[in-house]
Amino acid sequence: MPADVIPTPLPDCLDITQAFARSWPVRLGDTDDQDRLRLDAVARYLQDIGFDHLDAVEDGDVHQAWIVRRTVVDVYEPIMFGDRVQLRRWADSLSNRWCDMRIQLKGERGGHIEAAAFLIHIDPVAGRPARMTDAFMAPMLASTTEHRLRWKAALAELDDLDVETVPFPLRVTDVDRLGHVNNAVYWEAVEETLAAHPDSHELPYRAIVEHVGPVMARDKVVLRTSVGADGLRMQMDVDGSARALASVAPLPARAAD
């Protein structure tokens, strides 16, 4: 993965005290059998604080439709069941139709995760990228230096012949208000893959999900997995076409400092 696509470590907030902040307890449904906050729960947390953030900014009510193009989750120390997680969210860069948002998650009793989400603002009627209003962008423009954000893919489709292939059945509860399979469901596929390959990752690690196309209700999804020396690579296919790419790989030691 080219280093200039996703920096390591993810960039810090210029003034963390100005970041939008929320906290809540880590509950039973968010954790696995080792009490660890799961990656799909992290994805839901990112969605939840995102909508809370919209409620707190001007014109947030007319910016309710977003598509996640990519999510990066850097896990340094797991956040555990029973802890209270502190989330801080801020804009790292933007254009007038999309933005890269950074989210920091820290447990009050330990645990540290850094995340980034590339989000595209959508016109809910036309279903295509839509310009954000000047009032909505104003605080992001004031606190960032990159205002010509461009999309650049970080992951490539699998071309390995030796891949594991399993079906990934969808449920009616996986579909969100836009008619797409919700972003957190893709992270359930990552968790399934990690559970099947418990020796292939260790802390600290970076997990990425990059969306190629939508997965819709009643799609027949196939999960393909490749295990290599540099980590896990995953691909979700529908009718032989890639719809999402994912990877889990070690973070350099210096990024965990």
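Residues numbered from 1 in each chain as written. Predicted model: local features only at pLDDT ≥ 70, side-chain atom pairs only at ≥ 80, totals over all residues. Heavy atoms only, no water.

1. Digging into the pattern of salt bridges
Counted according to the given criterion, the structure contains 15 salt bridges. One salt bridge in this structure joins Glu 210 and Arg 70, with 2.7 Å as the shortest N-O distance. Of this pair, Glu 210 sits in strand 7 (residues 205-211) while Arg 70 sits in strand 2 (residues 66-77), and the two are 140 residues apart along the sequence. In this structure, Arg 131 and Asp 134 form a salt bridge, with 3.1 Å as the shortest nitrogen-oxygen distance. Asp 134 gets classed as exposed once you look at its relative accessible area, which sits at 53%. (Salt bridge = Lys/Arg side-chain N within 4 Å of Asp/Glu carboxyl O. Helix = DSSP H or I, 4+ residues; strand = E, 2+ residues; numbered from the N terminus. Buried < 20%, exposed > 50% of the residue type's maximum accessible area, 1.4 Å probe, protein only.)

2. What about helix 2 (residues 134-142)?
Of all the positions in helix 2, only Phe 136, Met 137 and Met 140 are classed as buried. Seen end-on, helix 2 carries its buried residues on one side only, within an arc spanning 80°. Among the exposed residues of helix 2, those oriented more than 90 degrees off its buried face are Asp 134 and Ala 142. Summarising the contacts, the buried residues of helix 2 are in contact with helix 1 (39-56), strand 2, strand 3 (84-94) and strand 4 (98-107). (Arc of directions from axis to C-beta. Contact = heavy atoms within 4.5 Å.)

3. As for the UniProt feature "domain: Acyl-ACP thioesterase N-terminal hotdog" (unreviewed entry) in the chain
Those places that UniProt annotates as "domain: Acyl-ACP thioesterase N-terminal hotdog" (unreviewed entry) correspond, in this numbering, to residues 19-139. The span residues 19-139 carries 20% helix and 40% strand; its end-to-end C-alpha distance comes to 11 Å. (UniProt positions renumbered as here; feature names shortened; annotations may be inferred.)

4. Points about the sheet that holds strand 9 (residues 231-238)
As summarised here, the arrangement of the 10 strands in space is 1-3-4-5-2-7-10-9-8-6, forming an open sheet in which the pairing is antiparallel. Two strands close off the open sheet at either side, each with one partner strand: strand 1 (20-25) and strand 6 (164-167). Taking the axes of each pair of neighbouring strands and ignoring which way they run, one obtains an average angle of 20° across the sheet. Lying on the sheet, helix 2 is in contact with strand 2, strand 3 and strand 4; it crosses strand 3 at an angle near 95°. Those strands touched by helix 3 (residues 183-196) are strand 2, strand 7, strand 8 (221-228), strand 9 and strand 10 (241-250), and its axis lies near 135° from that of strand 7. (Pairing = 2+ DSSP bridges. Axes fitted to C-alpha atoms, helices over the stretch in contact; angles between N-to-C directions.)

5. A look at the pairing of strand 4
Within strand 4, 8 of the 10 residues are buried, which leaves the element mostly enclosed by the surrounding structure. Where strand 3 folds back on strand 4, the antiparallel hairpin that results is connected by 3 residues. In terms of strand pairing, strand 4 meets strand 5 (residues 112-121) through 9 bridges, oriented antiparallel. Residue Asp 100 lies in a different strand from strand 5, and its bridge partner there is Phe 118. A loop of 4 residues connects strand 4 with strand 5, the two strands running antiparallel in sequence, and Gly 110 in this loop sits at a positive phi of about 125°.

6. Comments concerning unusual backbone geometry
Most peptide bonds adopt trans geometry, and most residues besides glycine take a negative phi value. A cis amide bond links Thr 8 with the next residue in sequence, Pro 9, at an omega value of -5°. The topology assignment puts Pro 9 in the segment before strand 1. At Asp 35, a position not held by glycine, the phi torsion is positive, near 70°. Here Asp 35 lies in the loop between strand 1 and helix 1. A residue is classified by how much of its surface remains accessible, and Asp 35, at 38% relative accessible area, is partly exposed. Within the chain, Arg 218 stands out as a residue other than glycine whose phi angle is a positive 75°.

7. Notes on helix 3
Among the 14 residues in helix 3, 10 count as buried, and that is most of the element. Those residues of helix 3 not exposed but buried are Asn 183, Ala 184, Val 185, Tyr 186, Trp 187, Ala 189, Val 190, Glu 191, Thr 193 and Leu 194. In this fold, the buried residues of helix 3 make contact with helix 1, strand 2, strand 7, strand 8, strand 9 and strand 10. For helix 3, the capping residue at the N-terminal end is Asn 182, with a side-chain oxygen 3.0 Å from the backbone nitrogen of Ala 184. (Polar contact = N/O pair within 3.5 Å; in protein donor to acceptor, adjacent residues only side chain to side chain.)

8. So, the pairing of strand 10
Counting buried residues in strand 10 gives 7 out of 10 residues, a clear majority hidden from the surface. Sheet analysis places strand 9 next to strand 10, joined by 7 bridges and oriented antiparallel. Across the sheet, the residue bridging to Asp 237 is Ala 242, located in strand 10. Counting the residues between successive antiparallel strands, the hairpin from strand 9 to strand 10 contains 2 residues, one of them, Asp 239, with a positive phi of roughly 55°.

9. Some remarks on the packing of aromatic side chains
Within the structure shown, the criterion is met by 3 aromatic pairs. Ring geometry for Trp 24 versus Tyr 45: centroids 5.3 Å apart, planes at 85°, classification edge-to-face. One end of the pair, Trp 24, is in strand 1; the other, Tyr 45, is in helix 1, with 21 residues separating them in the sequence. Here Trp 24 falls in the buried class, since its relative accessible area comes to 15%. Residue class for Tyr 45 comes out buried when judged on its relative accessible area of 3%. (Phe/Tyr/Trp six-rings, centres within 6.5 Å; stacked < 30°, edge-to-face > 60°.)

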